[in-house]
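Chain by chain, the residues:
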There are 2 protein chains.
Amino acid sequence: MTEHCPHSETASCTLPSSEQVKVLLDQAVSLCEQRNLRFTELRKQVLELVCRADQPVGAYQLLDELREQGRSAAPPTVYRALDFLLEQGLVHRLATNNTYLACAHPQKPHAAVFLVCSQCGQTQEVHTRGVIEVVKQQAEKFDFRVTHASVEVAGLCHSCQSQKEGAQ
Amino acid sequence: MTEHCPHSETASCTLPSSEQVKVLLDQAVSLCEQRNLRFTELRKQVLELVCRADQPVGAYQLLDELREQGRSAAPPTVYRALDFLLEQGLVHRLATNNTYLACAHPQKPHAAVFLVCSQCGQTQEVHTRGVIEVVKQQAEKFDFRVTHASVEVAGLCHSCQSQKEGAQ
DNA sequence: GATATAATGTTACATTATAACATAACATAT
DNA sequence: ATATGTTATGTTATAATGTAACATTATATC
Ligand SMILES: [Zn+2]
Ligand SMILES: [Zn+2]
Ligand SMILES: [Zn+2]
Ligand SMILES: [Zn+2]
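Residues numbered from 1 in each chain as written. Chains lettered and ligands numbered in written order. Predicted model: local features only at pLDDT ≥ 70, side-chain atom pairs only at ≥ 80, totals over all residues. Heavy atoms only, no water.

Some thoughts on the protein's contact with DNA strand C
Thinking step 1. Close to DNA strand C lie 19 residues; Y60 and R93 of chain A together with T40, S72 and R80 of chain B are nearest.
Thinking step 2. Separating a phosphate oxygen of DNA strand C from a side-chain N or O atom of T40 of chain B is a distance of 2.5 Å.
Thinking step 3. At the level of secondary structure, the elements contributing two or more residues to the surface near DNA strand C comprise α4 (75-87) of chain A together with α2 (41-52) and α4 (75-87) of chain B.
Thinking step 4. Residue contributions to the surface near DNA strand C peak at 4 residues, all from α4 of chain A.
Thinking step 5. A class-by-class count of the residues in the surface near DNA strand C yields 8 nonpolar, 4 polar and 7 charged. (Near = heavy atom within 4 Å. Polar contact = N/O pair within 3.5 Å; in protein donor to acceptor, adjacent residues only side chain to side chain. Helix = DSSP H or I, 4+ residues; strand = E, 2+ residues; numbered from the N terminus. Nonpolar A, V, L, I, M, F, W, Y, C, P; charged D, E, K, R; others polar.)

Listed below in structure tokens is the structure:
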């Protein structure tokens, strides 16, 4: 899950804290109301599952969990819900490992950078205007009009670095 | 295919030019020699196919083309060759569309940014130290040790922008 | 040549995602 | 309240991407 964070340049956006699930769901409700869209039970269930996961989850894991909740579900069930949530900016998709995670601040559209620990899987969404601005600058040099930038950084999170050092 | 380019900050690295295939293959040969690795016929065939493509290609398209060349090939055939080429930095993989393209300057390991036109598929590899350095800076703020950054930018290339404007 | 190592062949399967069409729920207007 | 169009979901089948496991072949080294 993700914690609502102050929208500062250096804040991490994905400190897990299951307290905050309800906040995100409420945000989703009002956001869909504003946009005159249906936040259906299915969509709510899927968003809640994504929020409760402490790491990005795969579509088929979500499918299993929906079924465990007694819901009749097939792949299109979950992919359609995810498509909706992606379009509304409520979740992000990580292309490098085909997983989905809740957006930490869905109120405003934003460019995001993801720090994915290759050891433990923990993933942080960070909003750093800097990276995206540099990307846009560079793209402009090539007459390239950016619509979306996927920035996914693999490496070691702090705690996994310590473990490795300890093992040496 | 990709043209060998001056290693300047603003140079595009993937101006198609099938003249340059041989250059890249020769580079691959000497590079594998230096590293005491076998640049086998299969690996050469796959690299050549990737080089000759004017856009990033999928693994199964490469598989088809290998078969058209009379080679007995199954999925592992092409994935193993691609794995080798990826490890040696001779090709890159685009996570956002599961495709592979020849590296424009395999001599030196480097961080790359890819500009992927969502209209026509044309993809440029650009080496822009700036982006990667900003990514690293940001990651450091979160005690995150970067090992690899995947930066894939979707948008419109120059020629597709003109077409859209013309259509208005 | 014998032996170990690396590469490829081959079969089967896992994982991720979508197409196509039927049904159900919802909104709006008579 | 019913009819009607629209949106969402159910359901089946299949496409697209990627890997595991083991047999065989080629290559290097002794
Ligand atoms: Zn976000
Ligand atoms: Zn970690
Ligand atoms: Zn490259
Ligand atoms: Zn284009």
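As for the relation of the copies chain B and chain A
The two chain copies are related to each other by a rotation about an axis together with a translation along it.
Thinking step 1. In the superposition of chain B on chain A (RMSD 0.1 Å, axial shift 0.0 Å), the rotation amounts to 180°. Such a combination of turn and shift is consistent with a two-fold rotation axis. Every residue of chain B has its C-alpha some distance from the rotation axis, and the shortest such distance is that of V151 of chain B, at 2.3 Å.
Thinking step 2. Interface overlap between copies: 97% of the residues of chain B at the interface are likewise at the interface in chain A, consistent with a symmetric, same-surface contact. (Least-squares fit on C-alpha atoms with pLDDT ≥ 70 in both. Contact = heavy atoms within 4.5 Å.)

So, the coordination of the zinc ion (ligand 2)
Residues and elements named next belong to chain A.
Thinking step 1. Within the first shell, the zinc ion (ligand 2) binds the protein through C117 (SG), C120 (SG), C157 (SG) and C160 (SG), at distances of 2.2 to 2.3 Å.
Thinking step 2. Around the zinc ion (ligand 2), the 4 donor atoms sit at angles spanning 107 to 115°, and that spread fits a shape best called tetrahedral.
Thinking step 3. All donor residues of the zinc ion (ligand 2) come from one chain, and their arrangement in sequence is C-x2-C-x36-C-x2-C. Of this pair, C120 sits in the loop between β3 (113-117) and β4 (123-126) while C157 is found in the loop between β5 (145-156) and α6 (158-167), placing the two residues 37 residues apart along the sequence.
Thinking step 4. What makes C120 partly exposed here is its relative accessible area of 28%.
Thinking step 5. On the accessibility criterion, C157 (14% relative accessible area) is buried. (Donors = N, O, S within 2.8 Å, 3.2 Å for Na, K, Ca; no water. Tetrahedral: all angles 85-135°; square planar, octahedral: opposite > 155°, others 65-115°. Buried < 20%, exposed > 50% of the residue type's maximum accessible area, 1.4 Å probe, protein only.)

Keep in mind that these numbers describe shape and distance, not what the molecule does.
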